[in-house]
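Chain and residue survey
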Amino acid sequence: MKRRAESFFGMHFDFHANKDQVNIGSFCDYETIDKLLEEVKPDYVQCDTKGHEGISSYPTKIGTQADEMKGDVLRMWREETKKHDVALFSHYSGVWDAEAIKKHPDWGAINADGKPDEIAISVFGPYSDELLIPQIKELAKDYDMNGVWVDGDCWGAVEDYSHWAREAYKNETGLDLPKEDDLEGREKYRNFCRKIFLAYVEHYCSEIHKSFPDFQIACNWLYTAYVPEPETVSVDFVSGDYSPNNSLNSARFEGRAMQNLEKPWDLMCWGFTSKPRVSKELVQLCLEASEVIALGGGFSIYNPQLVGTIEKQYIDKWAKLAEFCREREKTCHKAKPVHEGALIYSRQGSYYHKMSVFRRWSPDINKYGEDARGILTALIDAGYSTEILQSHQFMKLSDEELSKYGFFAISDLDTIEEDIKERLKKYVKNGGEVIVCGPGSTKVFEKELGVKIEYSPEGEKTEHKVVSGEKSGPIVSNESNVTLNGATALDWYYTNKSKFEREKKIFSTVNNDGKGKWIGIYLSYCEYQYARSASIRDITESLIKLGYARKKVEIEKTHIPEVILTQKDGRLNVNLINTSGPHADSRCLSYDEIIPLRDLHISVEYPKKPSSVVEIPSGKHLDFKYNDGRVELVLDKLEIHSVITIE
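Residues numbered from 1 in each chain as written. Predicted model: local features only at pLDDT ≥ 70, side-chain atom pairs only at ≥ 80, totals over all residues. Heavy atoms only, no water.

**Comments concerning the sheet that holds strand β19 (residues 462-468)**
Defined as follows: Paired strands, as defined in this entry, are two strands with at least two bridges between them according to DSSP. The secondary structure listing takes helices from DSSP runs of H or I that are at least 4 residues long and strands from runs of E that are at least 2 residues long, numbered from the N terminus. Here an axis means a line fitted to C-alpha atoms, over the contact stretch when the element is a helix, while the angle between two N-to-C directions is reported on a 0 to 180 degree scale. Contacts: residue pairs with any heavy atoms within 4.5 Å of one another.
Pairing is mixed across the open sheet formed by nine strands, whose spatial order is β15-β14-β16-β17-β24-β23-β22-β19-β20. The open sheet terminates on both sides in strands that have one partner only, identified here as β15 (386-390) and β20 (471-477). The average angle at which neighbouring strand axes cross in this sheet is 25°, direction not considered. With four bridges joining them, β19 and strand β22 (residues 488-495) adopt antiparallel strand pairing. Bridged to His464 within β22 is Thr495. Contacting β14 (341-345), β15, β16 (407-410) and β17 (433-437), helix α11 (residues 367-381) runs over the sheet at an angle of about 175° to β14.

**Examining the nonpolar core**
Short version of the rule: In this text, buried Ala, Val, Leu, Ile, Met, Phe, Trp, Tyr and Cys residues form a nonpolar core when linked through side-chain atoms within 4.5 Å. Categorising residues by exposure relies on relative accessible area from a 1.4 Å probe, with only protein chains included: less than 20% of the type maximum marks a residue as buried, more than 50% marks it as exposed, and the intermediate range marks it as partly exposed.
Judged by nonpolar contacts, the single largest core of 111 residues is most densely connected at Phe197 and Tyr204. At eleven residues, helix α6 (residues 183-211) tops the list of elements feeding residues into this core. With sequence-adjacent residues up to four places away left out, Phe197 is seen in contact with Val95, Val123, Asp153, Cys154, Ala157, Cys219, Leu222 and Phe358. Of all hydrophobic cores here, the second largest spans 61 residues; its members include Ile375, Phe394, Val428 and Val482.

**Examining the packing of helix α1 (residues 30-40) against helix α9 (residues 315-332)**
As a reminder, the rule being used: Roughly parallel here means an angle under 35 degrees, roughly antiparallel means over 145, roughly perpendicular means 65 to 115, and every remaining angle is called oblique. Note on convention: near helix rotated counterclockwise from far helix by under a right angle means a left-handed crossing. Clockwise means right-handed. As a working rule, the residues Ala, Val, Leu, Ile, Met, Phe, Trp, Tyr, Cys and Pro are called nonpolar, Asp, Glu, Lys and Arg charged, and the rest polar, with Gly in that last group.
Interaxial distance between α1 and α9 falls to 9 Å at its minimum, and their mutual angle equals 25°. One finds that α1 runs roughly parallel with respect to α9. As α1 packs across α9, the resulting crossing turns out to be right-handed. Across the interface between the two elements, Thr32, Lys35, Leu36, Glu39 and Val40 from α1 touch Ile315, Trp318, Ala319 and Ala322 from α9. Looking at the contact of α1 with α9 residue by residue, the classes come out as six nonpolar, one polar and two charged.

**Focus on a negative patch on the surface**
To keep things clear, this is the line we draw: Exposure above 30% relative accessible area and the absence of a salt bridge qualify a residue for a patch, where like charges join within 9 Å and nonpolar side chains (Val, Leu, Ile, Met, Phe, Trp, Tyr) within 5 Å. Using a 1.4 Å probe, accessible areas were evaluated by the Shrake-Rupley method; residue-level cover was limited to the displayed protein chains. In the sections that follow, a salt bridge refers to a side-chain nitrogen of Lys or Arg positioned within 4 Å of a carboxyl oxygen of Asp or Glu. A positive count includes Lys and Arg, and a negative count includes Asp and Glu. His and the chain ends are not counted in either. Charge positions are represented by NZ for Lys, CZ for Arg, CG for Asp and CD for Glu.
Where like charges cluster on the molecular surface, the negative patch consists of Asp113, Glu180, Asp181, Asp182 and Glu184. Inspection of the secondary structure assignment puts Asp181 in the loop between α5 (163-173) and α6. Taking relative accessible area as the criterion, Asp181 reaches 67% and is therefore assigned exposed.

**Some thoughts on the layout of surface pockets**
If a probe as big as a water molecule is rolled over the atoms, it shows which places are left empty. Worth spelling out the cut-off: Grid spacing is 1 Å over the protein atoms alone, the probe is 1.4 Å, and a cavity is where that probe fits but cannot get out, while a pocket is an open set with protein on both sides within 12 Å along at least five of seven lines and lining residues have an atom within 4 Å of a point. Grid points are joined across faces, edges and corners, and a volume is the space filled by probe spheres set on the points.
Of the pockets and cavities examined, the second largest pocket occupies roughly 790 Å³. Around the second largest pocket, the lining is made up of 29 residues, and of these Lys336, Pro337, Val338, His339 and Gln567 lie nearest the centre. Put simply, the parts of the chain that give the lining of the second largest pocket at least two residues each are β13 (336-337), α12 (391-395), β26 (561-568), β27 (571-578) and β28 (597-605). Looking at the lining of the second largest pocket residue by residue, the classes come out as 13 nonpolar, seven polar and nine charged.

**Examining the sheet that holds β28**
The strand order β25-β28-β32-β31 describes an open sheet built from four strands, whose pairing is antiparallel. At either end of the open sheet lies a strand with only one pairing partner, and these are β25 (553-555) and β31 (624-627). Between one strand axis and the next, the sheet turns through 25° on average, direction left out of account.

**Focus: unusual backbone geometry**
Residue Pro276 is reached from Lys275 by a cis peptide bond, and omega for that bond is 0°. Tracing the backbone shows Pro276 in the loop between β11 (265-270) and α8 (282-293). Of note, the bond from Ile616 into Pro617 is cis; its omega dihedral lies within 30 degrees of zero at 20°. Phi angles above zero are rare outside glycine, and Asp85 is one such case at about 55°. Note on placement: Asp85 falls in the loop between α2 (73-83) and β5 (87-93). One non-glycine residue with positive phi stands out, namely Asp599, at about 50°. Among the structural elements, Asp599 can be located in strand β28.

**Section: the pairing of strand β23 (residues 505-513)**
Within β23, seven of the nine residues are buried, which leaves the element mostly enclosed by the surrounding structure. By the bridge criterion, six bridges tie β23 to strand β24 (residues 516-521) in an arrangement that is antiparallel. The partner of Val510 across the bridge, within β24, is Ile519. Linking β23 to β24, which pair antiparallel, is a turn of two residues; within it Gly514 sits at a positive phi near 65°.

In short, geometric facts, not functional conclusions.
Below, the structure is given as structure tokens:
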């Protein structure tokens, strides 16, 4: 039975039972569970124990179970998974527990307006000691569960004004809680809430591990872009479930934010879209899986349990999805990134003026995250193998490791850690390139960029036309006024109201510094992820080439394949993902076909003539030429995901 750190493919089922839920277990049978485990062969299964309503779907002695329970579904899963040496994890809702608040109103968090939160408990109160820890211990002891996937936890935490929180803040700082309109005080207090939340997670991890040291715990989305913190809490693995819609773009961002974690990590796709619910087709699921496994992570698929049972009509599809992943497991799982470019995801920038503790579901409370997604999408579209480095990950790089990156990008932000800024200045002087994108970021870096910036953070977003030589394209952004102070202007833009040449504004600049370059882009790329264009992609690529002349992987006459470079067992892995098709079209809920790309002429940077070039999963040895430090080859066909391994 594999531990989560060694697991690659899993299944997740939950249904968030209500108190008056009926027929739990009525339609669940051993034969269907056995069929799934036999045909899909997952490394682990996660199934429902307690959802966001706070109602348990098994006969608990600790929590509150649903009214009508006609079978112990959890017991059936445990018996069958043991037969197949498959690990069993609990889906358990943490901070979000509506029933706990109904039974114990004093356990609930209080919002800044003084109103009780209906679903979020206070992490300052006794909830973890009186319900969460005892109930998870019950699952470990009575059901011999292998671990828990705590849902609704970090992103469920709120800026808490309960008496529990007031007392804790007073004891530590001597201050009372800030008033609702005290924005500066609230920002300071939210940082305190973040610290206490991490202590809350560490408390339940350590208490559970004391009694069950082999029990494996994940707090959903901890240490990802939701919570860009150093890995100090003793969770055993990192995991999250990315968006059910526009899923490929969601997976490519979330996976990169996890790619450089020290802890084992995996990502879960939803096997269906939401609102309306449509089951995703096999091709669609394989494409999403490619985004995760190409980055070195584990992958799982979520489908509802529907009062405990399995939608058996999908078992064959899941088996084929698992087979697709397994064909690539040996090559991809736990592969490490080969550095080309990286987006720096600033902890300080992420939290600045963020009106939530960790939640980031909308641009209103997640402006920084949305801007990061936008520039990342443009860099990937331009053909660069791009990582995300959280603040602490960037600062841990040695000077030698830093020099292996061709460029770093900064998305739009209002502030950044001073030590990151100083490190980037040294990197540029030594020959590196930094691309600073957005009005706020360029203001933060105006001295390094060689400009003076005037802009309003609250300025209205409008459409602008960017012009670079013969290319032009749209960007929706708030604008800034740029005065050159040593930099050279490169490209220009016009507002949608401009009529005359004299009304053009500076879009991009370059400023030489030592051996390297600072590139400034003075509009935000936030909206690019929703309104992509070939012209803006090409303009972005041209700007990067100012200081990073040649990509590690070049593909002639197409930008469709996404490139992800990794290494494993001494081999260079060139992951190519066919991103054609309607995966980002909100009007298309499911699709069952992606047109293969054919006769791709590919050039890959490699230090010496390789002994072999092989395509995975076919195992076919590819003909190649080696010229001027590059491997040149032709890939006959790219269906969904191919890995060219070079050694």
